[in-house]
Every structure is written in C-alpha cells, then in structure tokens.
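The primary structure of each chain is shown beneath.
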Amino acid sequence: MEVNDEAVKDAVRRACEDVGLPPAYRFAVSQLLRTPPADWPTCCGEGCFPCSQSLADAAARALELLGQPLPAR
C-alpha cells in the first residue's frame, strides 16, 4: 500500500482518532499497512502504551475506511 497517498494518510489520521491514538503514532500505523496483517504484532500483556493491539486496531480501521477488507490474522 502506498502510505504517502493522501487518501491513506487521511484514513490513518481518522483511524488513530477513532481508537484514541495520539498523532505521534500515525507513522507506526502507516508502517503496519505495509505489512501483512498476519505479521502484525499482538498484545504482550505488559501494559505498554501504545499497545501493539491498539496500533493493529488503528491499521484495521484505516483499511476499513479505505474500503479494503482485512485479511484474517
């Protein structure tokens, strides 16, 4: 996915807002969009912020906003 495309940037911005991630994490979410969902990290249970699951949730939301189905993880 071309993460520098304006539509993708807008979807990432909106997705981060939807899941409550600060703007500083948009880059991380964009990078997940370049990675197959099966390779996205999962929550380790250590209470990190942001949680890897929050980043994955934002990436999944961005795909949804772009009208792209999320492949199974």
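The preceding data block contains the structure.
Anyway, here's the lowdown on the structure attached to this text. (Residues numbered from 1 in each chain as written. Predicted model: local features only at pLDDT ≥ 70, side-chain atom pairs only at ≥ 80, totals over all residues. Heavy atoms only, no water.)

Given a rise of 1.5 Å per residue, 14 residues ought to cover 20 Å, and the 20 Å separating the end C-alpha atoms of helix 1 (residues 6-19) matches this to within 8%. Among all positions in helix 1, only Val 8, Ala 11, Val 12, Ala 15 and Cys 16 are buried. Each buried residue of helix 1 sits inside an arc of 130° when the element is viewed along its axis, so together they form one side. At its buried positions, helix 1 is contacted by helix 2 (26-32) and helix 3 (52-65). With its phi angle positive at about 85°, Gly 20 sits one or two positions after the end of helix 1. (Helix = DSSP H or I, 4+ residues; strand = E, 2+ residues; numbered from the N terminus. Expected span 1.5 Å × (residues − 1). Buried < 20%, exposed > 50% of the residue type's maximum accessible area, 1.4 Å probe, protein only. Arc of directions from axis to C-beta. Contact = heavy atoms within 4.5 Å.)

Turning to the packing of helix 1 against helix 3, a few remarks are in order. For the pair helix 1 and helix 3, the least separation of the axes is 8 Å and the interaxial angle reads 130°. Classified by the angle between their axes, helix 1 and helix 3 sit oblique to one another. Crossing of helix 1 over helix 3 shows right-handed handedness. Across from Ala 11, Val 12, Arg 14, Ala 15, Cys 16, Asp 18 and Val 19 in helix 1, the residues of helix 3 making contact are Ser 54, Asp 57, Ala 58, Arg 61, Ala 62 and Leu 65. Residues of the contact of helix 1 with helix 3, tallied by class, amount to eight nonpolar, one polar and four charged. (Axes fitted to C-alpha atoms, helices over the stretch in contact; angles between N-to-C directions. Parallel < 35°, antiparallel > 145°, perpendicular 65-115°, else oblique. Left-handed = near helix turned anticlockwise from the far one by under 90°. Nonpolar A, V, L, I, M, F, W, Y, C, P; charged D, E, K, R; others polar.)

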